[in-house]
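Fold and contact review
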Amino acid sequence: MIVFRTFLKILKSCKAPIILYTVLLVFFAGFNMESNDSTSNFTAEKPDLLIVNHDESFGFTQHLIDYLEENTNVVTTLDNEDQINDALFYRNLNYVIYIPEHFREDFLNHKNPQIQVKSTGDYMGSLTEMMLSQYLRLADIYNTIFEDEDEMLEHLSKSLSNKTKVEVTSKLDTNQLSRIATYYNFLNYCILAGCVYVVCLILFSFKKDTIRKRTIVSSMNYKSYNRQLLFSNSLFVFVLWLFYVLLSFLLFGTSMVTLHGMFYILNSLVFSICALAIAFLIGNLIYNREVINGIVNVIALGSSFLCGAFVPIDFLPDFVLKIAHVLPSYWYIQTNESVKLIEEFDFLHLKPVYFNWLMLLIFFLLIIMITNVISNRMRKKEN
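Described below are features of the structure shown in this document. (Residues numbered from 1 in each chain as written. Predicted model: local features only at pLDDT ≥ 70, side-chain atom pairs only at ≥ 80, totals over all residues. Heavy atoms only, no water.)

Considering the packing of helix 3 (residues 59-71) against helix 7 (residues 149-160)
Packed helix pairs are specified by the crossing angle of their axes together with the interaxial distance, meaning the distance between the axes. Between helix 3 and helix 7, the shortest axis-to-axis distance is 10 Å and the interhelical angle comes to 15 degrees. One finds that helix 3 runs roughly parallel with respect to helix 7. As helix 3 packs across helix 7, the resulting crossing turns out to be right-handed. Where helix 3 approaches helix 7, its residues Gly59, Phe60, His63 and Tyr67 are matched on the opposing element by Glu149, Met152, Leu153, Leu156, Ser157 and Leu160. Taken together, the residues that form the contact of helix 3 with helix 7 break down as six nonpolar, three polar and one charged. (Axes fitted to C-alpha atoms, helices over the stretch in contact; angles between N-to-C directions. Helix = DSSP H or I, 4+ residues; strand = E, 2+ residues; numbered from the N terminus. Parallel < 35°, antiparallel > 145°, perpendicular 65-115°, else oblique. Left-handed = near helix turned anticlockwise from the far one by under 90°. Contact = heavy atoms within 4.5 Å. Nonpolar A, V, L, I, M, F, W, Y, C, P; charged D, E, K, R; others polar.)

Describing the pattern of salt bridges
Per the stated rule, a full pass over the model turns up six salt bridges. The salt bridge involving Asp122 is made with Arg91; its shortest N-O contact spans 3.6 Å. Residue Asp122 is located in the loop between strand 4 (116-119) and helix 6 (123-145), and its partner Arg91 is located in the loop between helix 4 (81-89) and strand 3 (95-99); the two are separated by 31 residues in the primary sequence. As a salt-bridge pair, Lys158 and Glu154 come within 3.9 Å of each other at their nearest N and O atoms. (Salt bridge = Lys/Arg side-chain N within 4 Å of Asp/Glu carboxyl O.)

A closer look at the packing of helix 3 against helix 6
In the contact formed by helix 3 and helix 6, the axes pass within 11 Å of each other and the chain directions differ by 145 degrees. Handedness of the helix 3/helix 6 crossing: right-handed. On helix 6, the residues touching Phe60, His63, Leu64, Tyr67 and Asn71 of helix 3 are Met131, Leu132, Gln134, Tyr135 and Ala139.

So, the state of the cysteines
Scanning the entire structure with this criterion turns up zero disulfides. Its sulfur unpaired, Cys200 is 9.9 Å from the next cysteine sulfur, which belongs to Cys195. Looking at Cys200, the relative accessible area reads 1%, which means it is buried. (Disulfide = S-S within 2.5 Å. Buried < 20%, exposed > 50% of the residue type's maximum accessible area, 1.4 Å probe, protein only.)

Concerning unusual backbone geometry
Non-glycine residue His110 carries a positive phi angle of around 60 degrees. The residue His110 is located in the loop between helix 5 (103-108) and strand 4 in this model. Residue Asn112 is not a glycine yet carries a positive backbone phi of 55 degrees. Here Asn112 lies in the loop between helix 5 and strand 4.

A short note on the sheet that holds strand 2 (residues 73-75)
Across the sheet, four strands lie side by side as 2-1-3-4; this open sheet has mixed pairing. Each edge of the sheet is formed by a strand with only one pairing partner; in this case those strands are strand 2 and strand 4. Averaged over all pairs of adjacent strands, the angle between their axes in this sheet comes to 25 degrees, without regard to strand direction. Across four bridges, strand 3 lies against strand 4 in antiparallel orientation. Across the sheet, residue Val96 finds its bridge partner in strand 4, namely Lys118. Packed on one face of the sheet, helix 3 meets strand 1 (48-53), strand 2 and strand 3 and runs near 165 degrees to strand 1. Packing of helix 6 onto the sheet brings it into contact with strand 1, strand 3 and strand 4, and relative to strand 3 it is tilted by some 30 degrees. (Pairing = 2+ DSSP bridges.)

Topic: the pairing of strand 3
For strand 3, the tally of buried residues reaches five of five residues, placing the bulk of the element in the interior. The sheet contact formed by strand 1 and strand 3 spans five bridges and is parallel. From the neighbouring strand, Asn53 faces strand 3, where its bridge partner is Ile99.

Quick notes on the nonpolar core
Counting residues in each nonpolar core, the largest one holds 69 residues, and the members touching the most others are Tyr184 and Tyr244. Looking at this core element by element, the count peaks at 22 residues for helix 8 (residues 174-206). Counting residues in hydrophobic clusters, the runner-up holds 23 residues, among them Leu68, Tyr95, Leu132 and Leu156. (Core = buried A, V, L, I, M, F, W, Y, C linked by side-chain atoms within 4.5 Å.)

Here it is in C-alpha cells:
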C-alpha cells in the first residue's frame, strides 16, 4: 500500500488539468446540444418563383400558371429586369419564367414554343426547373393524344395530382444520437489528455532518485512494486472514465439507458484501456517533466484533429483519414459514428463495431509488447 499512498499524494497535484478537460467537455457538449436543436420531421420547401406572362391568361397557359402557383411561392412585387437580377443575385428569388406571346396557341398546334428562364443555379432553382420540365413533358404527351384542350388539361391535372408521399421510417432519435456521438468523440481528447498527463507525471515522479533508491533498498519485491503501480494507474483511469460516463448521463438522461448508450459506454471503456497502455508507453520514455505538456498536446490534440473528434470525419480530406488509420482514436471514433446509425443490434449491423474493437485490442497488445521491451532494456541499463 506504500506505492498506492504515494500515488494518491502525486495525484492530488493533477486536479487542475482534469478539471480543465472536464470544463471543456461540458462546454463543447452544451454548445453542440444548442447548435443541433433541430427537428427530424421532413418538410417540403417551396422555391420562390416569378412568372412574367406575355400570353393571355386562358386555357393551357392559365393551367401552367395555376400549377406553378400551387407548387411554388410566386413573387409579384418585381417590376423590371434590374430588380429581378438583384433578387436572383441575393437569393430572394430562385427562378424566373418568361411565357412568350401566343404560347398557348403555338403549343396546342405542336410548334414547340420555348419558355425563357433565369435561375440562381442552386438546388431551389433546379427544383423549379424539374417541375417545369415535368409539366411540359406530360403536357406534350397528352397534347399528342387528345385534340380537345379541355380533355387534355383534365388528364394532365390527374397525372400531376399524383404526389409522392414521404414517410420517415427510421425510429431513431437522430438528433440526440448525434449529440451523444459528438460528446463521446470529444471524449477522445479528454481521456487521452488525462491519461497521458497523469500517468506520465506519476511514472516520472516514481523515477526520481529519492523514490527509486528507497524502492531499491526496501524489502518490496520489484514485481509487487510494478503491480501496485499498474493497479493504481488503472484505478485512476477507471475512475476518470466512470466520471465522464456519469457526466453523459447527466447531459443526455434516459438516452444513455438504451442499447445505443450501452455501446457508447463500452466503446469508451475499450478506448480508455488502450489510452492507459499509450500513457504507460510514453511514461516509460520520459525522463524530463518539462516535456509532458508538449507530449499531451501532440498526442491528444493531434489525434483528435486527425481522427474526427473536433472536426466531423465527413469534412476531413482522404489523405488525412489514411494517416488516421494508424491511430487508435480513429477506430474509437469510427465506432461512435457507426453506433448512431444502427437500428437493429444484430451481428450484421454490429460487425463494424466488433471490427473496430478488434483493432483497438491489437493496438493495446502491440503497445504493451513495445512497453515491456523498452522497460526491460531500461532495467538492464540501471543494473
